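Geometric and topological summary
If you want the building blocks of each chain, they are given just below.
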Amino acid sequence: MKYLLCSTFVWSILLSAYGQSTTNIDFTEFDLKNGLHVILHEDHSTPIVAVTVMYHVGSKNESPNRTGMAHFFEHLLFEGSENIERGEFDHYVENAGGVLNANTSQDRTFYYELLPSNQLELGLWLESERMLHAKIQQIGIDTQNEVVKEEKRQRVDNAPYGSMIAETMDACYDVHPYQWTPIGSMEHLDASTHADFMDFYETFYVPNNATLSIAGDMDLESAKQLVKKYFQDIPKGTKTIPRPTEVEPKRSEERRSIVYGKDRLPVVIQAYPIPAQGTPDYYAVDMLNQVLSGGASSRLNKSIVDEKQLALYCGAFSFGLEDPGVTFAFAMVNMGVEPSEVENAMNEEFEKMKTQLITDRELQKLKNQIETQFVSGNSTMAGIAEELANYHTYFGDANLINTEIDRYLAITPDDIQRVAKKYYDENTRATLYFLYQEAEEK
Amino acid sequence: MKIFHNIPLAILFATVSLSHTGFYSQVDRSQAPEPGPAPLIELGESKLLTLDNGLKLIVVENHKQPKISWTLSFEYAPIFEGNKAGMLDLFGEMMRSGTKNTSKAELDEAIDFLGASISASPKGIRGSGLTKHTNEILTLMSEILFEPSFPENELERLRTQALSGLVAAESSPSDISDVLTRSLNYGDIHPYGEVTTPESINTLAREDFVDFHNTYFHPNIATLVVVGDIDANTAYGKAKSFFGEWKRSDNIPYKRWNTPSRPKGNRVCFSPVDGAVQSVLKLTHTVMIPPGSKDAIAVSVMNSILGGGAFSGRLMQNLREDKAFTYGARSNISTDPLLGSFTAYADVRNEVTDSAVVEFLYEIRRMTSEPVDSASFAVTKNYMTGSFARSLENPNTAARFALNIQRYNLPSDYYLTYLEKLNAVTIEDVQRVAKNHLHPDQLHITCVGNKSVAESLTKFATSGTVAFFDAYGKPLIERSEAEDGVTAEMIIKGHYEALGGVKAISKLSGLRRTGSMEMGGGMNLSFTHTVSYKKNKRGARTSFAMSDQEVITNVVTDNGGYSSQMGPRIVTTDNELLSAQWEELDPLFLLHAGENGINSELLGVEEMNGSKYHVIHFTCCDDQERNDAINMRCYFDLSSKILSFTKSVTEGDDGPMSVTTKFNKYIDLGEGFKFPMEIVTVAGTQTMAVRIGSVSVNPEIDQALFNLD
């Protein structure tokens, strides 16, 4: 039988170099006079179109006594506009056979409609209404205030390990607004006045702080005309758009804390400060993390989960942010194992990264993984529209959707070792143990 | 190569309005713009082919990206794992944990090196990666498929992880809620309802995995779905060279299952979680809507109006947008060839838990009691049309359609005409299917949350009480330890003493009891039970007759047994015989459990409906052949000392069944012994009550009654 003969691993065959697979994303982009940046990607394979607006506002643009505003707007901006009755926003989209939603990060807020392609104009009308004159009314504020509190209870307070990210970010930042997460403080939201909301809207939800990114089944020329029709008369914002200037000082001593909760399995988190996304060292750290936790054969999984059997899961991933972010090393500890034992085992792996270069084969594996990720990503219109908007918003270069892979492939084993030494520094990290409540009483 | 169907598919993407206005008019912001002409929806082409060994192949060609996925999936009847629950959860990882010639670490490395992914499950194996790595991926996939070694040490690793995972799930409200609703809807003796526990994980052995692989992993129940950068000819060639020699099997088990019934009235079922700030609410019951059945599309329209994906769903609008009780309220209804379920759900803050249940019940009842308004109806249809069209962006959708067509025996144009069928659904259809399939008075109203909110839900329970459950969906029984010094033997002896004395009972040579069983509709079956306890002549015969014609007969002797239902005799299996001989042929069988190799354990004292019971658990046996032949709990009333009822799990025709037998009205008819005058048996969804009219002690017995020939 043929398959019995296929079981040997012929490394040499696998090692031979392959040509790089590519899928190029074509797009056109332009600015309107009011500062709105527009990106269009034409693709006729399915009769749908993704209409998206990315506002360059996230939780880091909030003032420390008004946290949660950007995320709150994500809810509020579905409440209607001067021409859209309260509650009708989603009705228009769903009645047209579409879907809509939005999400908020530390750095940006993203709104989208995914529509049948003959409803492109509807999507543009809706998004332009939202940008031009959204309705900021007390009834909407009051309802969404309760809904957001439920969202926080569901995703943070009542969810297993729901406070993990918030606790970790709080431990990592003292001065930079990344110290709070997008969900923000319910007390701040309760204390916000109508004037606070109007000011936030007029400051950030303006064409010169937004990218309109459209992907799908459309004719480029007609789409451009439609974009102009609905967006060119929206006035440019008049307020200064504040961006945080705080620089988190480098720490010289590790910070450790224990958080008690109702989750039974202990979790160990180490968070190391890293440079902002898009910088050369950021790519090197990302590759380093891929060595540590990309796939079942990665070092942390192989050593800590499979061989030593200390953890249910162990990995490291970069939390790439516009300002300097963090990389998390994370382990969910197996029952009956001491968290410190897992932490020591993680540290051993980090030490190896500092003292030894990765092998050629590991490097090739990384490159193959990165290549597959780039080829497999960008498979949906919504995804492409979002990526194009991301690259433009953060780096002013939407074409990174096609070229960012080169930045990864340029990373050498020396780079990886260098950033391991530089950023996986125990003196700069925050280490958190999440332990079961009863343990506190013992 | 034979191509069965090959349909190029295009339909008009039409929603409400088709009128078209020019682009370049003056901006009129006061009105939503009109849509352009409806575009065509292309369904995507799939090809279905079959290999000589029965392996089916579905190919969806899509060259947009240089990647291919290969998904091999098996189709077999749902499997009940019993005391091995969790084997199937671990099976996929065990498959991926090493082959005859390759360790797990080597496999992981080889797969990661390609940037590929290969995963396995009890339902099959899937590999995907870049086109240029096709041969390497298929080589690895077929090695895992054909030569898994299921290493012992990897089982231990997975066991540790699974046990840790269960500990983590014990404090996760959403996990607890999933387990609770499954076990309530389907029961713990149904494949969809059984629950993995630390005990069941601990019983898993390597052989369980080997057996499963040998039994089910065969080409004649498999379909290989290939999606991506490859044409059908090439895919067929690859399938043939990698899977062509694979041997079929004609011994793949098929099993039917009892259909569990919905509760009589609404039940409120609560699983407490310390410190919870929200209640995870799910209102659920089973539904029988096989995929592709007549009502299926109307049911999905109905569910979508109530609480399907759209934001305009009634539950979302009511519980979130109007009341702000929750971040999201939805419902779903699953079509399943065996038995699906309807569930309406939301996470709500503690204080509004009961108010949220009121709104859920209101919205569910409203679906059945009034026609839906034409506006919601139109939005829903348009939304569903759009969802269907959007789903086609993913090339896997075309493959899924082809797979469903053959898996559920759907007409080949089922998806091509899906939008037509959707369009044909009327408002009357929606109310009709709501009435047929939603049962707002037969719900499990489940809540996982803070115990302090439980009492507020009492008003929704038909029984007037809230039932509590642990994190594994097991009833939380308030069980206390038995008094110091009390043993199982003392309790059993107490029972026999109360009936007439151990010594007197041991001297019985036989019994005859007659009575009747009501069949409903005024019909009665007469009941006769004759038993001989004489040494070497032991035998018992139970019969039910209608006008002197025996319709059900059951005979047990030391040499074997049979049963018949107006037909040929069915020989009693060894497992059935083990319990039948023990229970039937010895008047003091409870006392003699140990001598028959049956374990008895005193679990403690339970309180139910105002009475207290000593509970003794009888089990046999944990060897391979007689696995779980006996699993019975006996409840002895603390005040009368007499056996009040038993609960056991037995093997029925359609899988395991839980049986409760109550012994009521113990009376001494003048012979010096007390006998129960009423015996009520509840088995699955059936209840049988036998009323005893006469008992004779030590009667003349015709041994021919026990004849096995």
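All of these numbers come straight from a predicted model, not from anything done at the bench. (Residues numbered from 1 in each chain as written. Chains lettered and ligands numbered in written order. Predicted model: local features only at pLDDT ≥ 70, side-chain atom pairs only at ≥ 80, totals over all residues.)

Residues and elements named next belong to chain A. For helix α14 (residues 381-395), with 15 residues, the first-to-last C-alpha span of 21 Å sits near the 21 Å given by 1.5 Å per residue. The buried count for α14 comes to 12 of 15 residues, which makes it a mostly enclosed element. In this structure, the buried residues of α14 make contact with β2 (37-42), β3 (48-55), β5 (109-116), β6 (210-216) and α15 (400-409). Just downstream of α14 lies G396, where phi reads positive at about 65°. (Helix = DSSP H or I, 4+ residues; strand = E, 2+ residues; numbered from the N terminus. Expected span 1.5 Å × (residues − 1). Buried ≥ 20, exposed ≤ 12 C-beta atoms within 10 Å, placed from the backbone. Contact = placed C-beta atoms within 7 Å.)

Moving on: the environment of B:L114. Considering the arrangement of structural elements, one finds B:L114 in the loop between α2 (104-113) and β6 (117-121). Apart from residues lying up to four places away in sequence, B:L114 is in contact with A:N368, B:G129, B:H133, B:E136 and B:I137.

Tracing the backbone shows B:P66 in the loop between β4 (56-61) and β5 (67-74). Separated by 228 residues in the primary sequence, B:P66 and B:K294 have C-alpha atoms spaced 40 Å apart.

Time to look at unusual backbone geometry. All names here are of chain B. In this structure, N536 takes a positive phi of about 65° despite not being glycine. Mapped onto the fold, N536 is located in the loop between β17 (523-532) and β18 (539-546). The class for N536 is exposed, based on 6 C-beta atoms found within 10 Å. The backbone of S547 sits at a positive phi, close to 45°, despite the residue not being glycine. A residue is classified by how many C-beta atoms lie within 10 Å of it, and S547, with 7 of them, is exposed.

Taken domain by domain, chain A consists of domain 1 (28-231) and domain 2 (255-441). Among the elements of the structure, β2, β3, β5, α6 (164-172) and β6 of chain A are those that each provide at least two residues to the side of domain 1 of chain A that touches domain 2 of chain A. (Domains from an automatic or database assignment.)

Attention shifts here to the nonpolar core. Core analysis: the largest hydrophobic core is formed by 128 residues, its most contacted members being A:A50, A:I214 and B:M302. Beyond its immediate sequence surroundings of up to four residues, B:M302 is in contact with B:M367, B:V430, B:V433 and B:A434. B:I201, B:Y236, B:F243 and B:L403 belong to the second largest nonpolar core, which has 61 residues in total. (Core = buried A, V, L, I, M, F, W, Y, C linked by C-beta atoms within 7 Å.)

Once that is clear, we can look at the sheet that holds β5(B). In any sheet, the strands associate via hydrogen bonds between backbone groups, in a parallel or an antiparallel arrangement. Residue and element names in this part refer to chain B. Spatially, six strands are ordered β3-β4-β8-β5-β7-β6 in an open sheet, and the strand pairing comes out mixed. Where the open sheet ends on each side, the last strands, each with one partner, are β3 (47-50) and β6. Across this sheet, the average inter-strand angle for adjacent strands is 15°, counted without regard to direction. Relative to strand β8 (residues 222-228), β4 runs parallel, the two being bridged by six bridges. Bridging from a neighbouring strand, L57 pairs with L224 of β8. Here helix α8 (residues 232-243) sits on the sheet in contact with β3, β4 and β8, set at roughly 145° to β4. (Pairing = 2+ DSSP bridges. Axes fitted to C-alpha atoms, helices over the stretch in contact; angles between N-to-C directions.)

Let's shift gears to the pairing of strand β19 (residues 549-557) of chain B. All names here are of chain B. As judged from the eight bridges shared by β18 and β19, these two strands associate in the antiparallel manner. Considered in β19, the bridge of R541 is made with V555. A loop of two residues connects β18 with β19, the two strands running antiparallel in sequence, and S547 in this loop sits at a positive phi of about 45°. The antiparallel hairpin formed by β19 and strand β20 (residues 560-564) contains two residues in its connecting segment.

Our next topic: the interface of chain A and chain B. Interface extent is often summarised as the accessible area lost during association of the parts. At the interface, 73 residues of chain A touch 83 residues of chain B. Those elements giving two or more residues to the side of chain A that touches chain B turn out to be α3 (88-95), β5, α4 (120-133), α5 (138-157), α9 (220-231), α11 (299-307) and α13 (360-376) of chain A. Broken down by element, the residue count for the side of chain A that touches chain B peaks at eight residues, all from α5(A). Tallied by class, residues from the side of chain A that touches chain B come to 24 nonpolar, 30 polar and 19 charged. (Nonpolar A, V, L, I, M, F, W, Y, C, P; charged D, E, K, R; others polar.)

Moving on to the domain arrangement of chain B. According to the domain assignment, chain B consists of domain 1 (47-172 + 192-243), domain 2 (267-389 + 409-468) and domain 3 (479-706). On a C-alpha basis, the centroid separation for the pair domain 1 of chain B and domain 2 of chain B is 34 Å.

Moving on to the environment of A:V175. Residue and element names in this part refer to chain A. Its location among the elements puts V175 in the loop between α6 and α7 (186-191). According to the C-beta neighbour criterion, V175 is exposed, with 12 such atoms within 10 Å. In contact with V175, not counting residues within four places along its chain, are E246 and E248.

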